[in-house]
Amino acid sequence: MKIKVDLDACLQHGQCVIAAPEIFSFDDDGNLQWKAAPDEALRDDAEAAADACPEQAIIVE
Amino acid sequence: MTQRQLRMPALSKRSLWSETGMTSPRIAIAGASLAGVRTAEALRAALPNARIVLVGEERHAPYNRPPLSKDAIEGLASGHPSQEQILEKLLLRSKLSPGDVDLRLGRAVVSVESGQLRLADGARVSADWIIAATGLRPRHLPQKGAEERRYVLRGFDDACRLAGRLRAGSRMAVIGGGFIGCEIASTACKLGLHVTIVEPEPQPMLHALGTRVAAAMGNLHRRRGVRLLTGRRVHSFSNGNVVLDDGEALEADVIVEALGTVPNTEWLTGTGVDLSDGVLVDDRMIAAGSSNMLAVGDIARFANLRFDATCRRVEHWCVPGQTARRAAETISALSEGRSPSGGFAPMPSFWSEQHGMRLQSFGAPALADTQTVIEGDLSQVGEAPIIVEYARRGELVAVVGLGARPNSLARHHARLDKATIQTMSA
């Protein structure tokens, strides 16, 4: 599984951090961090994060 | 699986009605916006053999609505990029592939008769399961007059019409100071219009945000140049003016009616389901009074056990996704002879953008009886980050950030999640 985030679209709503905290987080400066190739076991969380993104900035492959 | 935009015409005719069976149910979804699309996706994943028809009244492929009161209408007003490019950017990325659903756009569902959906084009759709995802439409003022300058905002076509009137220097009267009204007011200010909001309550967004935060938001609007008239109602429209209940006549080139919404449930009349405010559903999203009809999204009136047993409609962007997954679980479990898992307790969240400031809410602030500022100062709204806790009878029920940093809000969300889950088990 691969995660891509379109940072031009991302407006830092943080919905992904809540839906999939094992994949997405904010660093101390408030920048979004994510695992680009998380474990397949996290696929449901990853897809929930993509669905929850108001800017549709997350692509799960 | 690659996500793609859902724009295919009605492609799938593959043995649509030819077979029946427990795991290949025929499912008709009325409403092809966020709730309908997410339900179709969840059903496709859970029941690969289901035969899904998705019917939408709008002619556009399914798209995302929140930007319509914000950057999308700003773009539409400026003419750059083009309408087509703006719609393109709004289209929902979908996990559905062409052929996954029989998508029928540009026609409404008119009624349910003998277990079949009847569509505006005369077609009938037989279904083992019917899912109501028809959403809401804007409420209008009953008063006549000034029709040529009155606008509402719900869909892309509404946004295109209104955008054509957003010219710097024009005078806009926004009737209703809820979220949509406040967002349009903010966008219009940015575009150089002179904006007045008319709100019958003492504060804008009062029921959603409570007195203190609503008052702070009212101050933000005033400081950014909006004329905010609270405790006032529209009496009539006369000579193009908006006449208020205290006799003041507002001159307005463009009038936006932002008075809330009406559920699109007329097509369900006569089916025996409870339509007293949206569609009453149980914790499986099955409509009360029915065994095979479900409702999802803005029209579903459900109890969220995270807070209490009261059934409410919730007009947040997250609800379509949450109720869609629940409805799909229900249908897949019952189709396979299992019982759906018990309980439905999603975490609500909503956001707004006004005057360049993000308001982000988690939980149910409307249920709270007290608000406590835990970071920042409400007099600094729009200038510095603020976080407010909402409690009901001493129990945390919501956290709202005003211009707050997303990493600090995420931490509070985790605490809220724990607190409200405890409430549920208490």
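You'll find the structure just up there.
Now for a look at the structure at hand. (Residues numbered from 1 in each chain as written. Chains lettered and ligands numbered in written order. Predicted model: local features only at pLDDT ≥ 70, side-chain atom pairs only at ≥ 80, totals over all residues. Heavy atoms only, no water.)

Residue and element names in this part refer to chain B. Scanning all chains against the criterion turns up 4 aromatic pairs over all chains. Geometrically, the ring pair formed by F179 and F350 is edge-to-face, given 5.3 Å between the ring centres and 70 degrees between the ring planes. With F179 in helix α5 (residues 179-190) and F350 in strand β24 (residues 349-354), the pair connects residues that are 171 residues apart, well separated along the chain. The partly exposed category is assigned to F179, whose relative accessible area is 21%. Residue class for F350 comes out buried when judged on its relative accessible area of 8%. Where W317 meets W351, the ring centres are 5.7 Å apart and the plane angle is 75 degrees; that geometry is what we call edge-to-face. Taken together, the residues span a long stretch of sequence, with W317 in the loop between β23 (311-313) and α8 (318-335) and W351 in strand β24 at a distance of 34 residues. (Phe/Tyr/Trp six-rings, centres within 6.5 Å; stacked < 30°, edge-to-face > 60°. Helix = DSSP H or I, 4+ residues; strand = E, 2+ residues; numbered from the N terminus. Buried < 20%, exposed > 50% of the residue type's maximum accessible area, 1.4 Å probe, protein only.)

Moving on, we get to the layout of surface pockets. Considered as a void within the structure, the second largest pocket measures approximately 1,300 Å³ in volume. Taken together, 40 residues form the lining of the second largest pocket, with A:D44, A:A48, B:G321, B:Q322 and B:R325 sitting closest to its centre. Secondary-structure elements contributing two or more residues to the lining of the second largest pocket are α1 (15-19) and α2 (43-52) of chain A together with α1 (34-46), α8 and α9 (406-425) of chain B. Looking at which element gives the most residues to the lining of the second largest pocket, the answer is α8(B), with 8 residues. Residues of the lining of the second largest pocket, tallied by class, amount to 18 nonpolar, 8 polar and 14 charged. Shared between two domains, the lining of the second largest pocket holds at least three residues of each, these being domain 1 (4-65 + 85-137 + 263-335) and domain 3 (356-425) of chain B. (1 Å grid on protein atoms, 1.4 Å probe; cavity = no way out; pocket = protein on both sides within 12 Å on 5 of 7 lines; lining within 4 Å. Points joined across faces, edges and corners; volume = space filled by probe spheres on them. Nonpolar A, V, L, I, M, F, W, Y, C, P; charged D, E, K, R; others polar. Domains from an automatic or database assignment.)

Take it as geometry only, folks, not as evidence of what the structure does.
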